[in-house]
Amino acid sequence: MRILLVSQMYPGPADPDLGVFVRSLEEALAARGHVVERAVLDRRGGGKRKYLQLARDTRATARRFRPDVVYAHFLVPSGLIASVAGGAPLVVTAHGRDVRNVGWLPGIGAATRFVVRRSATVIAVSDYLRRELEAKVPEARGKTEVVDSGVDLERFTVQPAPEDGPRYLCIASLIRRKNVLRLADAFERVGKGTLTFVGDGPLRTELEGRGSVELVGRVAYTRIPEQIAQAHVVCQPSLIEPFGQALLEAMACGRSVVATRIGGPPEFVPPEAGILVDPADEDALVAALQSVAEFPCPNPAARAAAEAHDVRAQAAKVEAILQRAVASRRA
């Protein structure tokens, strides 16, 4: 197939960590023999004008490339832009924020309903997100399938445990939704080991100066496996997490996890691989940090659970959805 990929998030020179899950799936589709062209935004800054540029790039690429199918990531604005790119059938993956914005930002609900109606299929990265989307946008019922972004099992491999510890790691933007302050407070109550944050954001100043807490900042995606290898446990007790990509990547490296029970993580974190917590319950988080430190490291159960989400297998599922969209249009 000739696939036009449209995304508002894609790794670029200035932001190599942006939308890496989009690129991984694209590469897996290309490895299956498909020709992929893209119209993407590969930087964080630029304001709303960058979406006008994305729309121009999408229309120009569609006219030149003449795709069999358009595959967009995020319902709005990427899906909306892709929906008017030309006559090719449209498939859109919803990732989380695009669904939460429905009913919160003016006009997003109407735009999302238009995208859903225009789409041959909508993909949600978790069943939790599918249910949320279908509750907010009834038009999505019956045309939404669940396929997560997967993990590259060749990039994220099992590594030996560090000698001293316990070493806890959180890979996340330093924002309220990621619950990083409560995690830091719970870690202080554990009273031993280290906690490292990989990522940046407005809460950085409230995390600075805490004993045994290290703030690494953003790092290139190529360095994420080595960061995971330096930890025993990876934590993501977000207030809500539509999927939990960092958790899946940690599990692929044989690391146990502490994860939120609100959102997608319960769908892929078995009891042998980690502990699910109520993100608002600091006592439960303390107990989870203490208990999970006793799990084996590396943890073969974590790796085994991650293997079910191989990005190549996920790409095959997306491929089948795209092929059905093309076939239905031709019929």
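Attention in this report is confined to the structure presented alongside it. (Residues numbered from 1 in each chain as written. Predicted model: local features only at pLDDT ≥ 70, side-chain atom pairs only at ≥ 80, totals over all residues. Heavy atoms only, no water.)

Throughout the structure, instances matching the rule amount to 26 salt bridges. Among the salt bridges present, the one from Asp17 reaches Arg44, with a minimum N-O distance of 3.1 Å. Taken together, the residues Asp17 in the loop between strand E1 (2-7) and helix H1 (20-31) and Arg44 in the loop between strand E2 (35-40) and helix H2 (49-65) connect sequence positions 27 residues apart. Residue classification places Asp17 among the partly exposed positions, given a relative accessible area of 23%. Two residues, Glu139 and Arg117, come together in a salt bridge whose shortest N-O distance is 3.6 Å. One end of the pair, Glu139, is in the loop between helix H6 (127-136) and strand E6 (144-146); the other, Arg117, is in helix H5 (residues 108-118), with 22 residues separating them in the sequence. Members of the salt-bridge network, linked through shared partners, are Asp127, Arg130, Arg131 and Glu134. (Salt bridge = Lys/Arg side-chain N within 4 Å of Asp/Glu carboxyl O. Helix = DSSP H or I, 4+ residues; strand = E, 2+ residues; numbered from the N terminus. Buried < 20%, exposed > 50% of the residue type's maximum accessible area, 1.4 Å probe, protein only.)

Before going further, it helps to examine a nonpolar patch on the surface. On the surface, Leu80, Val84 and Phe114 cluster together into a nonpolar patch covering about 230 Å² of accessible area. Mapping Phe114 onto the fold places it in helix H5. (Patch = residues over 30% accessible without salt bridge, like charges linked within 9 Å, V, L, I, M, F, W, Y side chains within 5 Å. Areas by Shrake-Rupley, 256 points an atom, 1.4 Å probe, with all protein chains shown as cover.)

Turning to the state of the cysteines, a few remarks are in order. Overall, the coordinates contain zero disulfides when judged by the stated rule. Unpaired in this structure, Cys170 has its nearest cysteine sulfur neighbour in Cys235, at a distance of 6.7 Å. Look at Cys170 and you get buried, because its relative accessible area is 1%. Just so you know, Cys253 is unpaired, no disulfide at all, and the nearest cysteine sulfur is the one on Cys297, 10 Å from it. Note on Cys253: relative accessible area 1%, which makes it buried. (Disulfide = S-S within 2.5 Å.)

Take the nonpolar core next. In this structure, Leu75, Phe156, Ile224, Ile228 and Met251 are the most contacted members of the largest nonpolar core, which totals 60 residues. The element that contributes the greatest number of residues to this core is helix H10 (residues 245-252), accounting for six residues. In this structure, Ile224 is in contact with Phe156, Ile171, Val198, Val219 and Glu249, ignoring residues within four places of it in sequence. Leu183, Leu215, Val286 and Ala288 belong to the second largest nonpolar core, which has 26 residues in total. (Core = buried A, V, L, I, M, F, W, Y, C linked by side-chain atoms within 4.5 Å. Contact = heavy atoms within 4.5 Å.)

Let's shift gears to the packing of aromatic side chains. Inspection of the entire model under this criterion finds four aromatic pairs. Their ring planes at 40 degrees and their centres at 4.9 Å tell us that Phe243 and Phe268 sit as a pair that is tilted. In this pair, Phe243 sits in the loop between strand E10 (233-236) and H10 while Phe268 sits in the loop between strand E11 (256-260) and strand E12 (274-277), placing the two residues 25 residues apart along the sequence. Classification of Phe243 by relative accessible area gives buried; the value is 7%. You can call Phe268 buried: its relative accessible area is 6%. (Phe/Tyr/Trp six-rings, centres within 6.5 Å; stacked < 30°, edge-to-face > 60°.)

Moving on to the sheet that holds strand E4 (residues 90-94). Taking strand neighbours across the sheet as the criterion, the six strands line up as E2-E1-E3-E4-E5-E6 in an open arrangement whose pairing is parallel. At either margin of the open sheet sits one strand with a lone partner, and together these are E2 and E6. For this sheet the average axis-to-axis angle between neighbouring strands, irrespective of direction, equals 25 degrees. Running at roughly 155 degrees to E2, H2 makes contact with E1 and E2 of the sheet. Set on the sheet, helix H3 (residues 75-83) makes contact with E1, strand E3 (69-73), E4 and strand E5 (121-124); between it and E4 the angle comes to about 175 degrees. (Pairing = 2+ DSSP bridges. Axes fitted to C-alpha atoms, helices over the stretch in contact; angles between N-to-C directions.)

Turning our eyes to something else, we now look at H1. Taking 1.5 Å as the rise per residue, H1 with twelve residues should run 16 Å; its terminal C-alpha atoms sit 17 Å apart, in good agreement. Along H1, the residues that are buried comprise Val20, Phe21, Val22, Ser24, Leu25, Glu26, Ala28 and Leu29. Looking at the buried side of H1, the elements it contacts are E1, E2, E3, H10 and helix H13 (311-330). (Expected span 1.5 Å × (residues − 1).)

A two-sided burial pattern is seen for E10, the buried positions comprising Val233 and Cys235 on one face and Val234 and Gln236 on the other. Pairing of strand E7 (residues 167-171) with E10 involves two bridges; the strand directions are parallel. Each residue of the ladder has a partner; that of Leu169, found in E10, is Val234. In this sheet, E11 lies alongside E10 in parallel orientation, the contact comprising four bridges. Opposite Gln236, over in E11, you have Ala259 as the bridge partner. Remark: the E10/H10/E11 crossover connection has right-handed handedness. (Right-handed = clockwise from strand over helix to strand, strands pointing away.)

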